[in-house]
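# Inside the fold
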Amino acid sequence: MKPWRISSKELKEKYQKIIYSWVFNEFPSFVAEDSRRFISQETGNLYISKVQTSDVGSYICLVKNTVTNARVLSPPTPLTLRNDGVMGEYEPKIEVHFPYTVTAARGTTVKMECFALGNPVPTISWRKVNGHNPSKARLRKSQAVLEIPNVQLEDSGTYECKAENSRGRNVFRGQLQVYTSTIFPMVSTAYPHWMEKLNDTQLDSGDQLRWECKATGKPRPTYRWLKNGIPLWPQSRIEMINGVLMIHSVNVSDAGMYQCLAENKYGTIYANAELKILASAPTFPLNQMRKTIIVTKGQEVVIECKPQASPKPTITWKKGDKALRENKRSLPLSAGHTDAVMPVPEQPRITILPHGSLRILNASKSDEGRYLCQGVNVFGSAEIIASVSVKEPTRIELTPKKIELTVGESIVLSCKALHDSTMDVTFFWTLNGQPIDFEKEGGHFESIKAEEKQDISTANEMGLQKAKSCKVSNGRHHLIPGIVCSSVKGTDSSKVKPAFIQTVDGLPEGIQAAFLSPPGPPGVVIVEEITDTTATLSWSPGADNHSPISLYNLQARSPFSLGWQTVKTVPDLISGDMESAMAVELNPWVEYEFRVVATNKIGTGDPSAPSRVIRTNEAVPKTPPANVSGRSGRRHELVIAWEPVSEEFQSGEGFGYIVAFRPNGTRGWKEKMVTSSDASKFIYRDESVPPLTPFEVKVGVYNNKGDGPFSPIVVICSAEGEPTAAPIDVKATSLSVSEILVAWKHIKESPGRPQGFEVGYWKDMQQEEAAEKVKTEGNESSILLTGLEGNTLYHLTVRAYNAAGYGPPSTAVHAATKKSPPSQAPGNIMWIQDGSHVSLGWEPVRPLANESDVMGYKVLFRQEGQSNSQVIETQKTSAVVLLPDVGVYIIEVCAVSEGGDGTASPQIRVPSFSGKITQHLSWSDDQIVVHGLPDDQ
């Protein structure tokens, strides 16, 4: 067959990095590259050496941009075979080769292509002239690509690609030049090399963008810019000068993926970055919406107003319907774009803080009312409302006095407080600074509630310990709680101190209390920087609910996780005063959402809203396939199977497998590329490989970023092949009109172990191709064929099978099913009954010519109402039946033959009793007659 080449040059865009692949007939059936088929990543062409019938079909070129992930498909190109001649053998012709001079920077990866057409299919080999191939070099795509990772100066030199078959050989040589930054000025030409790249950027609407990319090279590179893969040109807001891109007053339309291209005549390099524009109308967190603030007279009040918006909003305040307006006094006025300040006339105590919140000093009853905060930017506005209520302070009117006690006495301590009548008050008692626990088992404190006072007392015969913790709570409207302390013991004096909590009031010195609860949800979570395994996050703290936040916890969710999972972070413990952290040990090229959960000493609060969905960067895969093993196959095949790597661990685009194998005891590995990420099997066929040849096998992974690890080496054997021996001693025995028993033996020493056997059978007048087939499994050596036609000659063969295929059939054997049983029923049945004994007699059955001969008779009898019959067999035309129990019995008679049981006679109903009776039954085609009388009549 002639070689074939398809060109995709018209699809290549020189300013994009692209990957070529070819679809065969329909997507996603991709062309698998091997020694006959090669796809050049330099030209995009598909080369097929020695075209075969299996190559006929439609071919579509698929071009993929590795930056934008955009894909382009060519129109279908048909491949047909000509019938006007036969292509003879010819020597190799090198169609694809690397440049005569290849220049590369030290530390980069060099890939050189070489592929030849020829008949027979040429083999490709590589060598470094006047030296050895670098030990790190790898041969890809059936040796058509020489890849040298981390190239160094010592790798420079002349490399030779040789294509060879039985008709001859052809050779190409080229020079590899490696340069470093220190010798770069001495090189007269050089490929561009980045000195400064771009970083992803996030800006508010209206800000200015400035990006700069720098590259070296000879000649000096020139720069171009792309946005979303489309060339970018200077406009009224856009400037591009010597690698610098500036966009003034950015807006949402400027968001996208940008590329900077540095190029000279030797090549082009790319730098990529994403620009995100934050543009949103003001919104307020739920914990700031509509709340009531209660404060004690004389205290400071801060009403929060922190809308989330981009650009930053301007904040204004109203009390009732009256706006708090700016004047010339030097107190802060509004949070927004200026540092303008104002005092509120006649209210220098009231200040609008720079971040937008309202502060009131020395609160009084005149400050009560409804306050409205409004945030405004170009995209809209939002407002929140808060009500301020100022309460009278709480004062202790009656306090416990110093009392001296004798050990064993009881004491009652009283405490009374005056407070705002609209507020609830809660009292606490402490002993030596520790709260008293009134519920503690075995304790000696008791609380007493009264209308005007509440006491603490002690009762006899109970112990008192200084470290004891006690508490009393829930007084209301001047109900003054107290405690009873039982049996004061010991010589050291102890102080019992009352304390109280009012919703808006402070506590006596040394006591701190508040209405405590877990923290509120943190603010918006922003993903600031992404790598392949990390994501740097920031957030704003939520409400601490009067208990300082002690730590934060980061959680992530991906398409592969079971809901939200805690992730490892740097630092390991995120303290409550932090507002950013790095999530680590993420999987590359996986989409994640993040959220933050805050904890204080009361408990863990609700989580924040999820972040935007991000995808980590690509990386070289690190997870090899699991459970590499062998599978059954045809003769001369090595079938290698594995568990596919989950998408979660593929780490990037272009994921595939590298299947490496070698005969046990040899050194060189043969490697094959499997480009489908879902593949779980590879079949290698070599006519020279004997069955059950052991191979060392390992399966590695790769993606667009490079090669990952291989699985551990396992030893598997080539396929045993299909069975080679036919079963012997095949016998077929007719059992009835519809059954034949087939039995055989198998030669155990023959190659190709069977998984079972297949029996084929056909009628004498039919061809073997029309045979019906039935299978056995395992080591079965016989089978009963049923449902056959009576009085029919059958031919039968047996053959073994396994996963590789079928073995040869045995020599055909023959067997005929029996004739049909007699269709005539026994006639003129007579019986004499003597108690439980019934003597029967009947006329013999005479079969027709096409029916089996009569061998005897069966008498079947059963008690009425039962289904199972008892059987008496006889070769005579008479029988005696013993009826064991009292009741009515049903009796019938039929002939027995090789073909089975004949037609049964009509049923006889016989009662079992002690008398004697003689009867006989006769019938013709149209009537049945029963004759008989008791013998005593």
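Residues numbered from 1 in each chain as written. Predicted model: local features only at pLDDT ≥ 70, side-chain atom pairs only at ≥ 80, totals over all residues. Heavy atoms only, no water.

## Overview of the overall build of the protein chain
- A count of helical and extended segments in the protein chain gives zero helices and 78 strands.
- The buried share of the protein chain, taken over its 937 residues, is 43%.
- When contacts within the protein chain are restricted to residue pairs at least 6 apart in sequence, those whose partners lie at least 24 apart make up 63%. (Helix = DSSP H or I, 4+ residues; strand = E, 2+ residues; numbered from the N terminus. Buried < 20%, exposed > 50% of the residue type's maximum accessible area, 1.4 Å probe, protein only. Contact = heavy atoms within 4.5 Å.)

## Examining the sheet that holds strand 57 (residues 681-685)
- With antiparallel pairing, three strands are arranged side by side in an open sheet as 53-54-57. Only two strands of the sheet have a single neighbouring strand rather than two, namely strand 53 (626-630) and strand 57. When strand polarity is set aside, the average angle formed by the axes of neighbouring strands in this sheet is 15°.
- With five bridges joining them, strand 54 (residues 637-643) and strand 57 adopt antiparallel strand pairing. Pairing of alanine 641 across the sheet is with lysine 681, part of strand 57. (Pairing = 2+ DSSP bridges. Axes fitted to C-alpha atoms, helices over the stretch in contact; angles between N-to-C directions.)

## A few points about the pattern of salt bridges
- This structure, assessed with the given rule, holds 33 salt bridges.
- Salt-bridge contacts for aspartate 34 lead to arginine 37; the nearest nitrogen and oxygen are separated by 2.8 Å.
- Two residues, lysine 93 and glutamate 95, come together in a salt bridge whose shortest N-O distance is 3.5 Å.
- Taking the relative accessible area as the measure of exposure, glutamate 95 reaches 25% and is therefore partly exposed.
- When salt bridges with common partners are traced through the structure, they connect Lys111, Arg138, Arg140, Glu147, Glu671 and Asp707 into a single cluster. (Salt bridge = Lys/Arg side-chain N within 4 Å of Asp/Glu carboxyl O.)

## Focus on the packing of aromatic side chains
- Within this structure, the stated rule accounts for 18 aromatic pairs.
- Between the aromatic rings of tyrosine 100 and phenylalanine 172, the centroid separation amounts to 5.0 Å while the plane-to-plane angle is 55°, which identifies the pairing as tilted. Taken together, the residues tyrosine 100 in the loop between strand 8 (90-97) and strand 9 (101-105) and phenylalanine 172 in strand 15 (residues 168-179) connect sequence positions 72 residues apart.
- By relative accessible area, which is 58% here, tyrosine 100 ends up exposed.
- Within the aromatic cluster, the residues linked to one another by ring pairs are Phe98, Tyr100, Trp126 and Phe172.
- Cation over ring: lysine 698 sits above tryptophan 669, and NZ or CZ is 4.4 Å from the ring centre. (Phe/Tyr/Trp six-rings, centres within 6.5 Å; stacked < 30°, edge-to-face > 60°. Lys NZ or Arg CZ within 6 Å of the ring centre and 35° of its normal.)

## Regarding unusual backbone geometry
- Between lysine 218 and proline 219 the backbone carries a cis peptide bond, its omega angle lying at -5°.
- With respect to the secondary-structure elements, proline 219 resides in the loop between strand 19 (214-218) and strand 20 (222-227).
- Residues valine 570 and proline 571 are joined by a peptide bond in cis, for which omega reads 0°.
- Even without being glycine, asparagine 25 reaches a positive phi, approximately 70°.
- Phi angles above zero are rare outside glycine, and leucine 692 is one such case at about 60°.
- Note on placement: leucine 692 falls in the loop between strand 57 and strand 58 (694-703).
- What makes leucine 692 partly exposed here is its relative accessible area of 42%.

## Regarding the pairing of strand 61 (residues 728-734)
- Pairing of strand 61 with strand 62 (residues 740-745), which is carried by five bridges, proceeds in the antiparallel orientation. Within strand 62, the residue paired with alanine 732 across the bridge is valine 742.
- If you look at the hairpin formed by strand 61 and strand 62, you'll find five residues sitting between the two strands.

## Thoughts on the confidence of the model for the protein chain
- On average, residues of the protein chain score 81 in pLDDT, and 82% of them reach the 70 mark or higher.
- Low pLDDT, under 50, characterises residues 5-16; the predicted model gives this stretch 36 contacts beyond four residues in sequence or across chains.
- Low confidence marks residues 506-515, where pLDDT is under 50. Its contacts with residues over four positions away, or in another chain, come to 20 contacts. (pLDDT = per-residue confidence, 0-100.)

## A short note on the environment of tyrosine 794
- Within the secondary structure, tyrosine 794 sits in strand 66 (residues 793-802).
- Using a relative accessible area of 5% as the deciding quantity, one classes tyrosine 794 as buried.
- When near neighbours in sequence (up to four residues on either side) are disregarded, tyrosine 794 contacts Ile740, Tyr761, Trp762, Lys763, Leu788, Glu789, Val813, His814, Ala815 and Thr817.
- In this structure the side chain of tyrosine 794 is engaged in a polar contact, spanning 3.1 Å, whose partner is the backbone nitrogen of glutamate 789. (Polar contact = N/O pair within 3.5 Å; in protein donor to acceptor, adjacent residues only side chain to side chain.)

## Thoughts on the state of the cysteines
- Taken as a whole and assessed by the stated rule, the structure comprises three disulfides.
- Here cysteine 213 connects covalently by a disulfide to cysteine 260, the sulfurs 1.9 Å from one another. Here cysteine 213 and cysteine 260 share a disulfide; its torsion about the S-S bond, 50°, makes the bridge right-handed. On the criterion of sequence distance, the pair formed by cysteine 213 in the loop between strand 18 (209-212) and strand 19 and cysteine 260 in strand 24 (residues 256-264) is long-range, its members being 47 residues apart. For the pair cysteine 213 and cysteine 260, one class covers both residues: buried.
- The disulfide partner of cysteine 305 is cysteine 373, and the S-S distance across this bridge is 1.7 Å. Taking the torsion about the sulfur-sulfur bond, which here is approximately -65°, the covalent link between cysteine 305 and cysteine 373 counts as left-handed. (Disulfide = S-S within 2.5 Å.)

## Focus on a nonpolar patch on the surface
- Together, Leu735, Leu741 and Leu784 give the surface a local cluster of nonpolar side chains, amounting to about 230 Å² of exposed area.
- Here leucine 741 falls in the partly exposed class, since its relative accessible area comes to 33%. (Patch = residues over 30% accessible without salt bridge, like charges linked within 9 Å, V, L, I, M, F, W, Y side chains within 5 Å. Areas by Shrake-Rupley, 256 points an atom, 1.4 Å probe, with all protein chains shown as cover.)

## Looking at the side chain of glutamate 160
- By the element assignment, glutamate 160 lies in strand 14 (residues 157-165).
- For glutamate 160, the side chain forms a polar contact with the side chain of arginine 173, separated by 2.8 Å.
- Every residue in contact with glutamate 160, bar those within four places of it in the chain, is listed here: Ser125, Trp126, Arg127, Val129, Val171, Phe172 and Arg173.

## Some words on the sheet that holds strand 11 (residues 123-128)
- Read across the sheet, four strands follow the order 9-15-14-11 without closing on themselves; strand pairing throughout is mixed. Taken across any chain shown, the strands that pair with only one partner, and hence form the sheet edges, are strand 9 and strand 11. Between one strand and the next, the sheet's axes are offset by a mean angle of 25°, whatever the strand orientation.
- In this structure, strand 14 lies alongside strand 15, joined through nine bridges in antiparallel fashion. In the sheet register, alanine 163 faces strand 15, and the bridge partner there is asparagine 170.

## So, the pairing of strand 18
- Of the two faces of strand 18, the one lined by Leu209 and Trp211 is fully buried and the one lined by Arg210 and Glu212 carries no buried residue.
- With four bridges joining them, strand 18 and strand 23 (residues 244-247) adopt antiparallel strand pairing. Of the residues in strand 23, the one forming a bridge with leucine 209 is isoleucine 247.

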